[in-house]
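# Structural features, examined
Listed here are the chains, written in short residue letters.
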Amino acid sequence: MIQILMAGVVLVLLGRALLGAVNMKIGEGQQDYAQVSKGKKELAGSIVGVFIVASIGTIFTIVYGMGI
């Protein structure tokens, strides 16, 4: 059950990263540096979130394996 929840969170975060990349691209096309900055922050935050969730999954797997 936890793995299903974590997979859902990873998908949502990857979707946000994609949205951040789109914001960056649109902002560059319109010369809107505020939108580019917003896109960069959204992209970076989402990638860090994916890394953290994936790390937690690895730690859970290791701890569970040690318990068996």
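Here is a short report on the structure shown in this document. All chains use their own residue numbering, which begins from 1 and follows the written sequence. Residue-level local features of this predicted model are given only where pLDDT is at least 70; pairs of side-chain atoms are given and counted only at 80 or more, and the full residue set underlies all totals for whole chains, interfaces and linings. Side-chain figures throughout are based on the complete set of non-hydrogen atoms in the structure, without hydrogens or water.

## Remarks on the overall build of the protein chain
This is how the line gets drawn: Helix and strand assignments follow DSSP, with helices taken as H or I runs no shorter than four residues and strands as E runs no shorter than two, numbered in order from the N terminus. Only C-alpha atoms enter the radius of gyration, while the globule expectation follows 2.2 Å times N to the 0.38, with N the number of residues. The buried label applies to any residue whose accessible area, calculated with a 1.4 Å probe on protein chains only, is under 20% of its type's maximum; exposed applies above 50%, and partly exposed to all values in between. What makes two residues a contact is simply this: any of their non-hydrogen atoms within 4.5 Å. Throughout, the Shrake-Rupley method with a 1.4 Å probe supplies accessible areas, and for residues the shown protein chains are the sole cover considered.
Scanning the protein chain for helices and strands turns up two helices and zero strands. Computed over C-alpha atoms, the radius of gyration of the protein chain comes to 16 Å, more than 25% over the 11 Å expected from 2.2 N^0.38 for 68 residues, which places it beyond the range of a compact globule. Along the first, second and third principal axes, the C-alpha set of the protein chain runs to 55 × 15 × 10 Å. For the protein chain, the proportion of its 68 residues judged to be buried stands at 22%. Within the protein chain, contacts between residues separated by at least 24 positions form 53% of all contacts whose residues are at least 6 apart in sequence. As displayed, the protein chain has an accessible area near 5100 Å², and 75% of this comes from carbon and sulfur atoms.

## A look at the environment of glutamine 3
Mapped onto the elements, glutamine 3 comes out in helix H1 (residues 2-30). Residue glutamine 3 is classed as exposed on the basis of its relative accessible area of 64%. Separated by 13 residues in the primary sequence, glutamine 3 and arginine 16 have C-alpha atoms spaced 20 Å apart.

## What to know about the packing of H1 against helix H2 (residues 33-67)
Let me state the cut-off plainly: Axis angles are defined between N-to-C directions and span 0 to 180 degrees, where every axis is a line fitted to C-alpha atoms and, for a helix, only to the segment in contact. If an angle is under 35 degrees, it is roughly parallel; if it is over 145, roughly antiparallel; if it lies from 65 to 115, roughly perpendicular; otherwise it is oblique. Helix crossings fall into two classes, left-handed where the near helix is turned counterclockwise from the far one by less than a right angle and right-handed where it is turned clockwise. We call Asp, Glu, Lys and Arg charged. Ala, Val, Leu, Ile, Met, Phe, Trp, Tyr, Cys and Pro are nonpolar, and the rest, Gly among them, are polar.
Interhelical geometry of H1 versus H2 gives an angle of 160° and a closest axis separation of 7 Å. One way to sum up the angle between H1 and H2 is to call them roughly antiparallel. Remark: the crossing between H1 and H2 carries left-handed chirality. Its residues assigned to classes, the contact of H1 with H2 shows 17 nonpolar, nine polar and five charged.

## Some thoughts on a nonpolar patch on the surface
Note the cut-off: Residues form patches when they are more than 30% accessible in relative terms and have no salt bridge. Like charges link within 9 Å. Nonpolar side chains (Val, Leu, Ile, Met, Phe, Trp, Tyr) link within 5 Å. Every case where a carboxyl oxygen of Asp or Glu lies within 4 Å of a side-chain nitrogen of Lys or Arg is listed as a salt bridge.
Taken together, the side chains of Ile2, Val48, Phe51, Ile52, Ile56, Ile59, Phe60 and Val63 define a hydrophobic patch exposed on the protein surface, amounting to about 790 Å² of accessible area. With seven residues, the top contributor of residues to the nonpolar patch is H2. Looking at the secondary structure, you find isoleucine 56 in helix H2.

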